Amino acid sequence: MTTTHPAPATAARAAPTAARGIRRHLAHSPWLFAAPGLLIVGVFSLYPFVSTVINSFTDRRTLLPGHFVGLANYRELLDDDMFWIGLRNSALYVLGVVPALVILPLLLALLVQRHIPGIAFFRAAFYTPVVASIVVVGLIWVWMLDDRGLINALLETVGVGKVGFLSDQWLLLVSSMAVTVWKGLGYYMIIYLAALANVPRELHEAAAVDGAGAVRRFVTVTVPAVRSTMVLVAALSSVAAFKVFSEVYLMAGPNGGPAGEDTTLVMLVQRVGTGLSGRVGYASALSVVVFVVVVALMLLVLRADRKEDA
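The residue numbers shown here count from 1 along each chain, following its written sequence. Where local features are concerned, this predicted model is filtered to residues with pLDDT of at least 70; where side-chain atom pairs are given and counted, the filter is 80 or more; whole-chain, interface and lining totals use all residues. Here the side-chain values reflect all heavy atoms present in the structure, with hydrogen atoms and water set aside.

Nonpolar cores are built from buried Ala, Val, Leu, Ile, Met, Phe, Trp, Tyr and Cys residues. Side-chain atoms within 4.5 Å join them into one set. The cut-offs for exposure are 20% and 50% of the maximum accessible area for each residue type, with area from a 1.4 Å probe on protein chains only; residues under the lower value are buried, those over the upper are exposed, and the others partly exposed. Leu77, Tyr93 and Leu286 are the most contacted members of the largest nonpolar core, which totals 54 residues. Going through the elements one at a time, helix H2 (72-78), helix H3 (81-112), helix H7 (169-196), helix H10 (227-242), helix H11 (246-252), helix H12 (265-273) and helix H13 (280-309) are the ones with two or more residues in this core. Counting residues per element, this core draws most heavily on H3, which supplies twelve residues. Residue contacts follow a heavy-atom distance rule, with two residues in contact if any of their heavy atoms lie within 4.5 Å. Leaving out residues up to four positions away in the same chain, Tyr93 has contacts with Val98, Leu173, Ser176, Met177, Thr180, Ala241, Val244, Glu247 and Val248. The next biggest cluster of nonpolar side chains, apart from the first, holds eight residues, and it includes Trp141, Leu145, Phe165 and Leu166. Numbering of helices and strands runs from the N terminus; a helix is a DSSP stretch of H or I covering at least four residues, while a strand is a stretch of E covering at least two.

In structure tokens:
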């Protein structure tokens, strides 16, 4: 049997053609790998966002199709007292929670960074609230702060008397902030520990040789070295604090405490937009406002960081 081999010229022409085909296939391969992630983002993030924006211009309800009403929902929320109460409480939550979550986890990270026997146990203990269910955490704190709870029982024992942690408007909000800070300490502590691991020890040693004490080394060495991480923590905690729901909902109840005065914006969205007769259009307008404020918070934090770098 005679074997036929392609002519050298034909093989030479076929090689570049095959190479171009391979390059074309390789050029599309990144999109094939990214397709599952893009599909998930599109279905669970992009589509709900676009749908919410569209619904905010309609009078849609849970079981009824909506009709286009333009800016009527946005005009209505400007005259809604509960909207302003929710915006006030969400803003106060940011002001009360963010500074604590920027500073306290850093101090905690400096504490557990030390290489002493048993420090691993304390690291795990400080991180435990992060992995605990927020429902369980909320119920525990409600049990402790209730008028007949553990803390009030101790206060009565020492002669102070009962404190309305869950019945007073402002104390309830402060109590919810304390739960948020307590639950977030361990999470941001881990972020700071990663940043502190990259701070050269020589900087602290040089500052100590120059006579700097612990406080001065913290201000002049530690804070500048982890400033970018502090900005990250400020941005993350700001967004989380403004969107707070679970802590206040569990401690104040679905109606937002006494006369609804502790309602946050996200609680208002849930209250207005759920149920068989939920006002989906109006709740969507509230959600768009929450999104705009969150983006504004992020831009403010990043702009402040750029000014520090200038």
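Next comes the rest of the account.
Before going further, it helps to spend a moment on the packing of helix H5 (residues 134-145) against H7. To obtain an axis, a line is fitted to C-alpha atoms, over the contacting stretch when the element is a helix, and the angle between two such axes runs from 0 to 180 degrees between their N-to-C directions. Direction vectors running N to C along H5 and H7 enclose 135°, while the axes themselves pass 11 Å from each other. Compared by their axis directions, H5 and H7 come out oblique. The handedness of the crossing between H5 and H7 is right-handed. Contact residues: H5 offers Ile134, Val137, Trp141 and Leu145, while H7 offers Ser175, Val179, Trp182 and Lys183. Partitioned by chemical class, the residues of the contact of H5 with H7 number six nonpolar, one polar and one charged. If an angle is under 35 degrees, it is roughly parallel; if it is over 145, roughly antiparallel; if it lies from 65 to 115, roughly perpendicular; otherwise it is oblique. In a left-handed crossing the near helix is turned counterclockwise from the far helix by less than a right angle, and in a right-handed crossing that turn is clockwise. For this classification, the nonpolar set comprises Ala, Val, Leu, Ile, Met, Phe, Trp, Tyr, Cys and Pro, the charged set comprises Asp, Glu, Lys and Arg, and every other residue, Gly included, is treated as polar.

As a further point, take the pattern of salt bridges. The term salt bridge refers to a pairing of a side-chain nitrogen on Lys or Arg with a carboxyl oxygen on Asp or Glu at a separation within 4 Å. A full pass over the atoms with the stated rule returns two salt bridges. Glu76 is paired through a salt bridge with Arg279; the nearest N and O atoms lie 2.8 Å apart. Remark: Arg279 occurs in the loop between H12 and H13 and Glu76 occurs in helix H2; sequence separation between them is 203 residues. For the salt bridge of Arg88 with Glu261, the shortest nitrogen-to-oxygen distance reads 3.5 Å. With Arg88 in helix H3 and Glu261 in the loop between H11 and H12, this residue pair connects regions lying 173 residues apart in the sequence.

Only the six-membered ring of Trp is used, alongside the rings of Phe and Tyr, when aromatic pairs are assigned; centres must lie within 6.5 Å, and planes under 30 degrees apart are stacked while those over 60 apart are edge-to-face, with the rest tilted. With the rule as written, the count across this model stands at seven aromatic pairs. Look at Phe83 and Trp84: their rings are 5.0 Å apart centre to centre, the planes differ by 70°, and that puts the pair in the edge-to-face class. Overall, the relative accessible area of 4% leaves Phe83 in the buried class. Judged by centre distance (5.7 Å) and plane angle (65°), the ring pair of Trp141 and Trp182 falls under edge-to-face. Linking Trp141 in helix H5 with Trp182 in helix H7, this pair joins segments that are 41 residues apart in sequence.

For the rest of this paragraph, the subject is the layout of surface pockets. Cavities and pockets were defined on a 1 Å grid built over protein atoms only: a cavity is a set of grid points that admits a 1.4 Å probe from which the probe cannot escape, a pocket is an open set flanked by protein on both sides within 12 Å along at least five of seven lines, and lining residues are those with an atom within 4 Å of any such point. Grid points are joined across faces, edges and corners, and a volume is the space filled by probe spheres set on the points. In this structure, the largest pocket spans a volume of roughly 690 Å³. For the lining of the largest pocket, the secondary-structure elements that each account for two or more residues are H3, helix H8 (201-209) and helix H9 (214-225). Take the lining of the largest pocket: its biggest share by element is five residues, from H9. Of the residues belonging to the lining of the largest pocket, the class tally is eleven nonpolar, four polar and four charged.

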